[in-house]
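Overview (structure and organization)
Residue-level listing of the chains:
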Amino acid sequence: MTAGKNEAGVGASLNWRDEFHDSALESLFRRTMQIQDSEQLRRALWIVAGIFLLFIVADHLLLGAGVEFLALAAIRIGVALCCLALARYIGHHPAHAHWPFPLNLVYLGASTGLLLTILLHPGSIGLHVSSIVVASLAIYLLVPNRLPWILTWSGYLAFGFVLVAALWKPLSPGMLASCILILGFANLMGWLTYSRLNRLQRKQFALLVDEREANRKLQQEIEERQLLEAQLRHMASTDPLTGIANRRHFFEQAEREFHRAQREGTPLAICMVDIDLFKTVNDHHGHAVGDLVLTTVASCCASVLRETDLIGRYGGEEFVIALPQADLETATFIAERLRHKVTSLRLPMLDESQRLSVTVGISQVEPDEAKLELALQRADDALYAGKSQGRNCVIVADEADPSIAARA
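Residues numbered from 1 in each chain as written. Predicted model: local features only at pLDDT ≥ 70, side-chain atom pairs only at ≥ 80, totals over all residues. Heavy atoms only, no water.

1. Here we look at a nonpolar patch on the surface
Residues Trp46, Leu53, Ile77, Leu81 and Leu84 make up a contiguous nonpolar surface patch of about 450 Å² in total accessible area. In terms of residue count, the dominant contributor to the nonpolar patch is helix α4 (residues 67-92) (three residues). Examined against the element boundaries, Leu81 turns out to sit in helix α4. The exposure class assigned to Leu81 is exposed, which follows from its relative accessible area of 53%. (Patch = residues over 30% accessible without salt bridge, like charges linked within 9 Å, V, L, I, M, F, W, Y side chains within 5 Å. Areas by Shrake-Rupley, 256 points an atom, 1.4 Å probe, with all protein chains shown as cover. Salt bridge = Lys/Arg side-chain N within 4 Å of Asp/Glu carboxyl O. Helix = DSSP H or I, 4+ residues; strand = E, 2+ residues; numbered from the N terminus. Buried < 20%, exposed > 50% of the residue type's maximum accessible area, 1.4 Å probe, protein only.)

Here's what the structure looks like:
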């Protein structure tokens, strides 16, 4: 399609053969027309075969059952059989409808057969001129072929007719000139009609190619726009460092889970996760190592969660997790699994005395609560209690030291 874009854009420029200047576009057009041309060729061959066979009846009425009739019948039957055989072959092999050698060999046989019948047929010169004119127009309009071959067979018929007519019955100069003018006019009309039809077909095809190219580009632009929108949505909802949900996106999702839990009466647990002594690691090893610690812990947290669980970066070294359909026992189990996995992490730039760990505070949304922030605050208080108790632990809000929670 792309190969024909420029040609279609400038009005489908054609050469003298009424074909595209762009060979790639012309090849595409011929491939597209292959089925249609094969059907047209088969119909034309059936028509030619039928006409030749019908003329046997007329020949018998004119000549009787003599030698001349048998010779004419043999020629007509031979031409008809060639046409029918080619029609059958094209029916099984539509792609061969554009093969020049076998097709033009049959055309040569049919044209030669038509010329030979003039020698044996007793009709007037006017009858034979009419048959040549009809045959020439059929070559231009009925039989799909390329223009050079069409001109070849039309010229062959015209020249052959003049030659055969001269051998059959010498014509006067005036009659000969009249026959040549009639054949010339018939070929001119056939060529002009052929040219008009072919140019119209190719113009429509070029417009279709142009339209498809425009649709392809439009579809590509739509896909690129959709990809860009998806990237923008991802950027707007994802923390650029850790790859998990950012704070805003997490709370949008968590709010939906909160309202669902309150509506359906199902449990919802909240976890606040903080990386222990993160500031010390960041100060001693630099921000690059600090960023690596954040991304590693975030990935570790995400790996232990269920598909329905939500995790987001709350800020700094803190992460927040929402656990739908999870009571405090389930939430504690998940949090402990998370904590153990973090403590098993090993980073080559950290020595054994700086092993990573997290402290987790857990709370559960109460049935009568109107805001998610209340459960979040209790989880944060529990996290603060865990920090005060020595870090690297999981604390449930109901088990937190009341004095610590009060100070928080």
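2. Quick word on the sheet that holds strand β3 (residues 318-324)
Across the sheet, five strands lie side by side as β2-β3-β1-β4-β5; this open sheet has mixed pairing. This sheet does not close on itself; its edge strands, each paired only once, are β2 (310-315) and β5 (394-396). Ignoring strand direction, the axes of neighbouring strands in this sheet form an average angle of 20°. Here five bridges tie β2 to β3, and the two strands are oriented antiparallel to one another. Looking across to β3, one finds that Gly315 is bridged to Glu318. Running at roughly 170° to strand β4 (residues 358-364), helix α12 (residues 328-343) makes contact with β1 (268-275), β3, β4 and β5 of the sheet. (Pairing = 2+ DSSP bridges. Axes fitted to C-alpha atoms, helices over the stretch in contact; angles between N-to-C directions. Contact = heavy atoms within 4.5 Å.)

3. Some points on the packing of helix α11 (residues 287-304) against α12
One can describe the packing of α11 onto α12 by two numbers: an axis separation of 9 Å at closest approach and a directional angle of 140°. By the angle between their directions, the pair α11 and α12 is classed as oblique. Viewed along their axes, α11 and α12 form a crossing whose handedness is right-handed. Here α11 contributes Val297, Cys300, Cys301, Ser303 and Val304 to the contact with α12, which in turn contributes Ile334, Arg337, Leu338, Lys341 and Val342. Residue classes in the contact of α11 with α12 are distributed as seven nonpolar, one polar and two charged. (Parallel < 35°, antiparallel > 145°, perpendicular 65-115°, else oblique. Left-handed = near helix turned anticlockwise from the far one by under 90°. Nonpolar A, V, L, I, M, F, W, Y, C, P; charged D, E, K, R; others polar.)

4. Examining the packing of aromatic side chains
Across all of its chains, the model carries seven aromatic pairs by this definition. Each ring, one from Trp153 and one from Tyr156, has its centre 6.0 Å from the other, and the planes form 85°; the classification is edge-to-face. With Trp153 and Tyr156 both in helix α7 (residues 147-168), this residue pair falls three residues apart, about one helical turn. Since its relative accessible area comes to 8%, Trp153 is described here as buried. Put simply, the rings of Phe20, Phe29 and Phe205 pair up and form one aromatic cluster. (Phe/Tyr/Trp six-rings, centres within 6.5 Å; stacked < 30°, edge-to-face > 60°.)

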